[in-house]
Amino acid sequence: MDKHLILDRVEAAILDEDNKNLYFMWGKIKRYYPKGDTFAWPVKEAASKCKCSKTDVAPIMKKLEKLGAITLIQAGKAGRNSSRAALYRREV
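Residues numbered from 1 in each chain as written. Predicted model: local features only at pLDDT ≥ 70, side-chain atom pairs only at ≥ 80, totals over all residues. Heavy atoms only, no water.

**Overview of the nonpolar core**
Then step 1. By size, the foremost hydrophobic cluster in this structure holds 23 residues, and its most contacted members are Ile14, Met25, Trp26, Ile29, Trp41, Met61 and Leu64.
Then step 2. Elements represented by at least two residues in this core include exactly α2 (9–16), α3 (20–32), α4 (43–50) and α5 (54–67). (Core = buried A, V, L, I, M, F, W, Y, C linked by side-chain atoms within 4.5 Å. Buried < 20%, exposed > 50% of the residue type's maximum accessible area, 1.4 Å probe, protein only. Helix = DSSP H or I, 4+ residues; strand = E, 2+ residues; numbered from the N terminus.)

As structure tokens, then:
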């Protein structure tokens, strides 16, 4: 039972950042998408689900990518008329 309760390397690194928005964003991604799943995560949707500002989303996602929790597959295109959202894959 103890081995299932131990945090893996990525989750431990996320907790060590001491950033509640980072941890909350990771919790929402972990709740909605299974490991290995590819998902679209537009800035507007991420900001509304995680209750943070739109300007905070990009640095948080870059940090999650740097820590190895997610992988950016396709960068989104900004703009109201653009329908291309960022595509990510959950790694852990």
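From this point, things continue past the structure.
**Considering the pattern of salt bridges**
Then step 1. Under the criterion given, the structure shown has 4 salt bridges.
Then step 2. Measuring nitrogen to oxygen at the nearest pair gives 3.1 Å for the salt bridge that ties Glu45 to Lys49. Highlighted residues: Glu45 and Lys49, both in helix α4, separated by 4 residues, approximately one helical turn.
Then step 3. For Glu45, a relative accessible area of 25% gives the class partly exposed.
Then step 4. On the basis of relative accessible area, Lys49 is assigned to the partly exposed category, the value being 23%.
Then step 5. Where Glu91 meets Arg89, a salt bridge forms, and the shortest distance between an N and an O atom there is 3.1 Å.
Then step 6. Its relative accessible area of 31% is what places Arg89 among the partly exposed residues. (Salt bridge = Lys/Arg side-chain N within 4 Å of Asp/Glu carboxyl O.)

**Side note on the packing of aromatic side chains**
Then step 1. Taken as a whole and assessed by the stated rule, the structure comprises 4 aromatic pairs.
Then step 2. Measuring from ring centre to ring centre gives 5.9 Å for Tyr33 and Trp41, while their planes differ by 85 degrees; the resulting arrangement is edge-to-face.
Then step 3. A relative accessible area of 14% means that Tyr33 is categorised as buried.
Then step 4. Their ring planes at 90 degrees and their centres at 5.9 Å tell us that Phe39 and Trp41 sit as a pair that is edge-to-face. Comparing Phe39 with Trp41, the two get one shared label, buried.
Then step 5. Here the aromatic residues Tyr33, Phe39, Trp41 and Tyr88 are joined through ring pairs into a cluster of three or more.
Then step 6. Positioned above the aromatic ring of Tyr32, the side-chain terminus of Arg31 is 5.3 Å from the ring centre.
Then step 7. Taking NZ or CZ as reference, Lys49 lies 4.1 Å from the ring centre of Tyr32, over its face. (Phe/Tyr/Trp six-rings, centres within 6.5 Å; stacked < 30°, edge-to-face > 60°. Lys NZ or Arg CZ within 6 Å of the ring centre and 35° of its normal.)

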